[in-house]
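Report on the structure
Residue strings, one per chain:
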Amino acid sequence: MTAPTAPGGLDYRPSYGAAAIAGAAVLLLYIITLAPETAMWDTSEYIAAAYTLGIPHPPGNPMFVLLGRVAAILPIPGASVAVKVNLLAAISSAIAASMWFLVAERVLVGWFTERWQRIAGGALAVLIGATSFTVWSQSVVNEKVYTVSLALLAIIAWLTVRWCDDPDGPKADRTLVLIAYIMGIGYGVHMAGILPAPAVGLAVILRRPRTLLRWKLLAACIGMLVFGGSSFLTQPIRAGHFPAINEGEPTGCREKFSLDCTVSARTYDAFKYNFNREQYGKPMLGERQACSVQTYPCTMAEAFPAQVGMWWLYFKWQWVRDAHGERPGLQGALAAIFLVLGLLGGWVHFKRDPRSFSFFGPFMFTLTLLLIYYLNFKYGASQAPELGESVAREVRDRDYFYLWSFSAWSVWAALGLTFVWESLAALLGTEPSKLGTQVVELPPRRNWALTSPVLALAVIPMFANWDSSSRRGETDTADFAVDLLNSVEPYGVLVTVGDNDTFPLWYAQEVLGVRKDVLIANTSLMNTDWYARQMIRRETFDYDAEKGPAVYRGKTWTKPSKPALEMTLDEVDAIPLGIEMPSDQLFEAGKVRAVVPKQFLQKADIMVLRMLKESGRPLHFSRTSADYAFNNLGLGSYLVTQGLTRRVMGDSVKAGGGVVEVRGDGFLDLDRTMALWKDFKAPDALIKKNDWVDRPSVGIPYLYVSVGYSLSDALASAGRTAEATEVVQRAFLVAKAAKLDGTVPLPEPPAPAGDTALTTKKQVPVTKQP
């Protein structure tokens, strides 16, 4: 669409070539800093779901899965599945950057007579937005779906700005229909796809109100919106084929796919439950969450300032990610500068081009204050640390939810910086210039050049965020997943508790093909019906001794002939969410006699105990589960550390035969743990990485430090001093790299929270947001 009369009467043509070049430059930056592998949190879940055409956590993001699957199977020479899906994130953000270039350039049409000035403003928007911390870090590893969603939102923004220029033009109606279709596609990527709707609607009312009376056009827009979101219809079909990752299981089928069970009331109920994310039990908007644990939930007056404070904390991160509190003054100053630039840019945008502001102003309101209100978060994991656990907290930092806000802010920040540049140049003198049909006083080109150093502000985030945003060469998460799986004996069951000790294992098994013989039993997910059913259905894969650790070779490992949970699907569905145990209970499994303490015994606990009693398989608890096996299940007397896990032995454990007691850490299988330690790859990857920016997940490098120190103590007590020194030095280097204390003993972080699980009145797990 071409506007016949741009602001000021100028004949404006978008600089698509310059926008493409800017986007290509951003893509090059992202490729240079691209992750070669997976990363913590949801990265592994989404890469594995894309590769297997599976269903990630509710509501399942079906359009992303389809796009990710296409990316995963592209024949790019030398590129792994992870690299190809990560490239999807990079390309998406580069597209968004090109759109912001066009929007900024278009707004500047009413300001400047010369094209180079408008291109400079567009380039500033690209540079500021693309190198802000959250945008950059999410663009070099596909942590979720946010960058693909960002690209679609930016495209909608550009189309709407162009529509506002010529709402009665020959392409205007088709543009609105296209916008509705892209929103539908975006909703299939993430529910945020609908975020532009209020601003688009308001722009239509302000620029062409009679559109509301054109029912055929409105019907076409609604129809294309629904059609765009039709990717959700793939979920019951795919779920009925039971892919390896099938979260929520939105199908009525139980044994195999068929039309009868797919088109059924049970499928409708399962799909509705999944689509509405009922698993997470998020409160109504009137029940605000950012409050003290004593008043939770609380009122808007108490919570909303804290929720705005969360946005402000993450806004400060964008310009320099001071993860360890080393440059708080610089971080605060830069945040204040970019906040003022953005507000100034918004004001000048309103004054000089109300036409495009009719959309972009409400759009920015939606991406900031309205989004903050709607998300209704608890306190951020890193927010107000002085309040400790006295307030309800998210299990991780949620800056990625505001990626759209920070990215779009770049347009206003660029406009503000351009205005400052213009004002400084004008102080040195002006001359009459023709702007469309008007004659205005503008600085001559020489003054622009003399004052251009002020534009260096836009470069600061690129240099300030390079180390914290770049994922180049990072393999620690994938290495950790392999190390943890290899700590489990062949055909064993591995009990995990959270996202970061589970999702990387899914990636290792389903994408890398590593140790698929291990059954992963996540305690958070076992509280749901669908995960328990999937554990029963899961095929028992052959153990490949040649690819496994050397410590397991030379032995015969018998493949189990039955599932680890020998129950029917109906029987497992009948297990209650939990039972109240009024007193301690004795649990017996062979020679294991454990006293399970008085508690609300969850469904997951029941299933773990049942697998221990009936499966006949080695049962390991990831050491990330902290004291779960000790305190919840009473199994402390039967646990022996093997690598990164604690294995339940068939009888109470005593020192001897290679088993050493480590003070404060229980028993450790010395030879096996030492052999596994030598094979571990993650410690070297962590040392090379030399930082750990995301503090809520620092328990992962801590795991290696903890195991290393315990192993060193055990070696020293066995008189193997040289090996003890070598191990403790390696563990110390991991602690130093991850910015842990580095002393013995280290302060132990809590077990990694699973933010993917079922919410109950008993507060069984922690909730996940969209």
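Details of the structure are given in the entry above.
Notes on the structure follow. (Residues numbered from 1 in each chain as written. Predicted model: local features only at pLDDT ≥ 70, side-chain atom pairs only at ≥ 80, totals over all residues. Heavy atoms only, no water.)

Observations regarding the pairing of strand 3 (residues 493-496)
The two faces of strand 3 match: Val493 and Val495 on one face and Leu494 and Thr496 on the other face are all buried. One ladder, built from four bridges, connects strand 3 with strand 4 (residues 519-522); its direction is parallel. For Val495, the partnering residue across the bridge sits in strand 4 and is Ala521. Where the polypeptide runs from strand 3 across helix 21 (residues 503-510) and back to strand 4, its parallel neighbour, the crossover connection is right-handed. Alignment of strand 3 against strand 9 (residues 619-622), held across three bridges, turns out to be parallel. From the neighbouring strand, Val495 faces strand 9, where its bridge partner is Phe621. (Buried < 20%, exposed > 50% of the residue type's maximum accessible area, 1.4 Å probe, protein only. Helix = DSSP H or I, 4+ residues; strand = E, 2+ residues; numbered from the N terminus. Pairing = 2+ DSSP bridges. Right-handed = clockwise from strand over helix to strand, strands pointing away.)

Quick word on a nonpolar patch on the surface
Taken together, the side chains of Leu202, Ile205, Leu206, Leu212 and Leu218 make up a nonpolar region of the molecular surface, amounting to roughly 410 Å² of accessible area. When residues of the nonpolar patch are assigned to their parent elements, the largest contribution, three residues, is made by helix 9 (residues 197-207). With respect to the helices and strands, the residue Leu218 is situated in helix 10 (residues 215-228). Taking the relative accessible area as the measure of exposure, Leu218 reaches 30% and is therefore partly exposed. (Patch = residues over 30% accessible without salt bridge, like charges linked within 9 Å, V, L, I, M, F, W, Y side chains within 5 Å. Areas by Shrake-Rupley, 256 points an atom, 1.4 Å probe, with all protein chains shown as cover. Salt bridge = Lys/Arg side-chain N within 4 Å of Asp/Glu carboxyl O.)

Quick notes on the layout of surface pockets
By volume, the second largest pocket amounts to about 700 Å³. Around the second largest pocket sit 33 residues that line it, and Ser468, Arg471, Glu474, Lys689 and Val693 are the ones nearest its centre. Taken together, the residues that form the lining of the second largest pocket break down as nine nonpolar, 10 polar and 14 charged. (1 Å grid on protein atoms, 1.4 Å probe; cavity = no way out; pocket = protein on both sides within 12 Å on 5 of 7 lines; lining within 4 Å. Points joined across faces, edges and corners; volume = space filled by probe spheres on them. Nonpolar A, V, L, I, M, F, W, Y, C, P; charged D, E, K, R; others polar.)

A short note on the nonpolar core
Counting 118 residues, the largest nonpolar core has Tyr30, Trp100, Phe359, Phe360, Tyr402 and Trp404 as the members making the most contacts within it. Ignoring anything within four residues of it in the chain, the contact list for Trp404 reads Tyr146, Ser149, Leu150, Leu153, His190, Ala192, Leu195, Leu367 and Leu371. In terms of nonpolar packing, the next biggest core, distinct from the first, is built from 97 residues, Trp41, Ala478, Ala532 and Tyr552 among them. (Core = buried A, V, L, I, M, F, W, Y, C linked by side-chain atoms within 4.5 Å. Contact = heavy atoms within 4.5 Å.)

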